[in-house]
Amino acid sequence: MTHILIVEDDEQYCTMVSHMLMKEGYRVSVARNGDEGLRQAAAIGPDLILTDILMPGSDGIDLIMGLRQQGSGIPLIAMSGGRRSIRADFNLDSAHLLGVKTTLAKPFTREELRTAVRAALGQ
Amino acid sequence: MPTRAATREQYFNIVERVLFAHGIAEAEPALAEAFELGRRLVHLQATPDDIVSLQSEAVMMLGRQYPDLSLKRFSERINMPLLELTMAHGMAFRQQLERSYQEIVDRERATKLEALGTLSAGIAHDFNNIIGCIMGFAEMAGDEFPPDSLGRTFIEQINVACFRARDLVTHMLAYARKSPGEPVLLDVAEQIRDVLAILTPSLSTSVSVNFTAGDEPTYVKASPGQIHQIVMNLCINASHAMPDGGRIDIRIDRAAGEPGVPVGREGNVRLSIADTGCGMSQEVMAKAFDPFFTTKAPHGSGLGLSVTQGIVRQLGGEIVLTSRCVPPDTGTEFRIYLPVSEPESASIQDNAGETV
């Protein structure tokens, strides 16, 4: 079963995305920040990581850079709030620069999530 | 008043030259100097009282130095330099007032926009998370209802509402980010659509807004914030004039102008904002653009229309007002004329810059 790690500090948002993915038949684990995400990724070896960018403490950029340093090949989806807001654009652009090919601007629909997950998994 | 002695001496000299000139034509240079002195007195912070005492001192000095001066000559000429002086002083004083008023208004506007920008950027992230939760859970809740059930329909409506909220955040951010700014070449029609997206949801549901744009391009040189503020101010006023509901018709097209309106080299863009509200009496119309004049005391600042007029004139345009307050056919229309800028000419300049 495809295993997806969600890294998201907003608890309710995390629950919502978890349920969406579980309904699609994925196995889901969650982490609350970048550091925890890195530890979880090492422990469970997920097939895909879906990470928020803006988080207190170590954020999504820290997570992406940490994974790159480890030479990890786990596909990533970066998501950030504020569709077309300066900050969200900036965050998602930074993720792009770090090699993340799939991004999701919050708030997204279930269909947008499905498409992004399939694209990131190369399906 | 600083440099008082020098001013007194200069004014006395002017008065002397006016009084003893052979004919009015010869007095002209001295009168022009009086006018110039009047303007300068504003910068020296002279008050009308200071001008009165300048005049009476000059009269006393005249009496001392020319005891034989004929009363006829005196009475014919003595007020001439004074008139120039007070007229110039009054005009310059008014200009100075308008300038400082405009500075206050600009500063206030910039502060407000900055606050809106900070607020929007600050809440956008959290707000989008919240909308995202509602959207996501609603979509999943929809799975629990059979297709074509009333429950499904309601869930779909929740999602439609979420899309509206999401668009509102986007527009708020766009609005805050765009203004204030340097004048650029922009399509007024497009700017109006942006404003209406933010404005329409905030108006009473009994007020309908109709927007029509002509076929010709409506480009002007302005900052988006300026256009936004013009449209916002006029539409808010229109909605206030219609507490029981009504219609706001916004129309944009190209037009030559009308009496009292300067025509841009390429013609004008005409923006008309008309409501079906209570209208204005002649007295109100006469004062409508005055700063601090309001019919909405204590809530109105009396700045909306005067700021709007200020922006329009800054852009080299003019604003015209017509209103009817006698039932049954009441309403107010503002027509704004802005000089057209052609996008073609701008792109030619850009290309030239690139190829050189």
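Residues numbered from 1 in each chain as written. Chains lettered and ligands numbered in written order. Predicted model: local features only at pLDDT ≥ 70, side-chain atom pairs only at ≥ 80, totals over all residues.

Caption draft 1: View of the overall build of chain A. Along its length, chain A carries five helices and five strands. For chain A, contacts bridging at least 24 residues in sequence account for 65% of all contacts bridging at least 6. (Helix = DSSP H or I, 4+ residues; strand = E, 2+ residues; numbered from the N terminus. Contact = placed C-beta atoms within 7 Å.)

Caption draft 2: Fine view of helix α1 (residues 4-20) of chain B. All names here are of chain B. Over its 17 residues, α1 extends 24 Å from the first C-alpha to the last, a length consistent with the 24 Å expected when each residue adds 1.5 Å. Along α1, the positions that sit buried rather than exposed are Tyr11, Ile14, Val15, Val18 and Leu19. The buried residues of α1 all sit within an arc of 130 degrees when viewed along its axis, so they share a single face. Pointing more than 90 degrees away from the buried face of α1 are the exposed residues Ala5 and Ala6. (Expected span 1.5 Å × (residues − 1). Buried ≥ 20, exposed ≤ 12 C-beta atoms within 10 Å, placed from the backbone. Arc of directions from axis to C-beta.)

Caption draft 3: Structural detail: helix α5 (residues 110-120) of chain A. All names here are of chain A. Buried residues of α5: Arg110, Leu113, Val117 and Ala120, and no others. Mapping the buried residues of α5 onto a view down its axis gives an arc of 100 degrees, with all of them on the same face. Every exposed residue of α5 that faces more than 90 degrees away from the buried side is listed here: Glu111 and Arg118. Just downstream of α5, Gly122 is the residue with a positive phi angle, here 70 degrees.

Caption draft 4: Structural view of the sheet that holds strand β5 (residues 102-105) of chain A. Residue and element names in this part refer to chain A. Spatially, the five strands line up as an open sheet ordered β2-β1-β3-β4-β5, and their pairing is parallel. Looking along the sheet, the strands with just one partner apiece sit at the ends: β2 (27-31) and β5. Ignoring which end each strand starts from, the neighbouring axes of this sheet average 20 degrees apart. Of the strand pairs in this sheet, strand β4 (residues 76-80) and β5 are connected by four bridges, and their pairing is parallel. The residue of β5 that forms the bridge with Ala78 is Thr103. On the sheet, helix α1 (residues 11-23) packs against β1 (3-7), β2 and β3 (48-52) and is oriented at approximately 165 degrees with respect to β2. Lying on the sheet, α5 is in contact with β3, β4 and β5; it crosses β5 at an angle near 165 degrees. (Pairing = 2+ DSSP bridges. Axes fitted to C-alpha atoms, helices over the stretch in contact; angles between N-to-C directions.)

Caption draft 5: The confidence of the model for chain B, seen in detail. Mean pLDDT over chain B works out to 84, with 87% of the residues at or above the 70 mark. Here the predicted complex carries an ipTM of 0.83, next to a pTM of 0.47. (pLDDT = per-residue confidence, 0-100.)

Caption draft 6: Fine view of the environment of Val169 of chain B. Assignment of secondary structure puts Val169 of chain B in helix α6 (residues 150-178). In the structure, Val169 of chain B is positioned 49 residues away from Ser120 of chain B in sequence and 7.5 Å away in space, judged by C-alpha atoms.

Caption draft 7: Fine view of the environment of Glu156 of chain B. All names here are of chain B. With respect to the helices, strands and loops of the structure, Glu156 is situated in helix α6. Judged by the 13 C-beta atoms lying within 10 Å of it, Glu156 falls in the partly exposed class. With 17 residues separating them in the primary sequence, Glu156 and Glu139 have C-alpha atoms 7.8 Å apart.

Caption draft 8: Focus on unusual backbone geometry. The omega torsion across Lys106 of chain A and Pro107 of chain A is -5 degrees, close enough to zero to call that bond cis. Following the sequence through the fold, Pro107 of chain A ends up in the loop between β5 and α5. The step from Pro327 of chain B to Pro328 of chain B runs through a cis peptide bond, and the omega angle for that step is 5 degrees. Tracing the backbone shows Pro328 of chain B in the loop between β6 (318-324) and β7 (331-339). One non-glycine residue, Gln45 of chain B, adopts positive backbone phi at about 60 degrees. Residue position: Gln45 of chain B is located in the loop between α2 (24-43) and α3 (48-65). A positive phi angle, near 65 degrees, is found at Asp148 of chain B, a position not held by glycine.

Caption draft 9: Up close: the packing of α1 of chain B against α2 of chain B. Residues and elements named next belong to chain B. One way to put it is that α1 packs onto α2 with a least axis distance of 8 Å and a crossing angle of 155 degrees. Overall, the two elements α1 and α2 adopt an arrangement that is roughly antiparallel. The handedness of the crossing between α1 and α2 is left-handed. From α1, Gln10, Tyr11, Ile14, Arg17 and Val18 reach across to α2, where they touch Ala27, Ala30, Leu31, Glu33, Ala34 and Leu37. Residue composition of the contact of α1 with α2, by class: eight nonpolar, one polar and two charged. (Parallel < 35°, antiparallel > 145°, perpendicular 65-115°, else oblique. Left-handed = near helix turned anticlockwise from the far one by under 90°. Nonpolar A, V, L, I, M, F, W, Y, C, P; charged D, E, K, R; others polar.)

Caption draft 10: The packing of α1 of chain B against α3 of chain B, seen in detail. All names here are of chain B. Between α1 and α3, the shortest axis-to-axis distance is 9 Å and the interhelical angle comes to 60 degrees. One way to sum up the angle between α1 and α3 is to call them oblique. Considering how the two elements wind past one another, α1 and α3 form a crossing that is right-handed. The residues of α3 that touch α1, namely those facing Thr7, Arg8, Tyr11, Phe12 and Val15, are Leu54, Glu57, Ala58, Met61 and Leu62. Looking at the contact of α1 with α3 residue by residue, the class counts come to seven nonpolar, one polar and two charged.

Caption draft 11: Structural context of the environment of Ser272 of chain B. Residues and elements named next belong to chain B. Along the polypeptide, Ser272 turns up in strand β5 (residues 268-275). For Ser272, a count of 18 C-beta atoms within 10 Å translates into the label partly exposed. Once you skip the residues sitting within four places of it in the chain, Ser272 turns out to touch Arg251, Glu333 and Arg335.

Caption draft 12: Main features of the sheet that holds strand β2 (residues 207-213) of chain B. Residue and element names in this part refer to chain B. Taken together, five strands build an open sheet; the order of strands is β2-β4-β5-β7-β6 and the sheet is mixed. Edge positions in the sheet fall to β2 and β6, since each of these pairs with one other strand and no more. Sheet twist, expressed as the mean angle between neighbouring strand axes with direction ignored, is 15 degrees. Note that β6 and β7 share seven bridges and pair antiparallel. Bridging across to β7, Arg324 finds its partner in Gly331. Seen against the sheet, helix α7 (residues 188-202) touches β2, β4 (246-255) and β5 and runs at an angle of roughly 165 degrees to β2.

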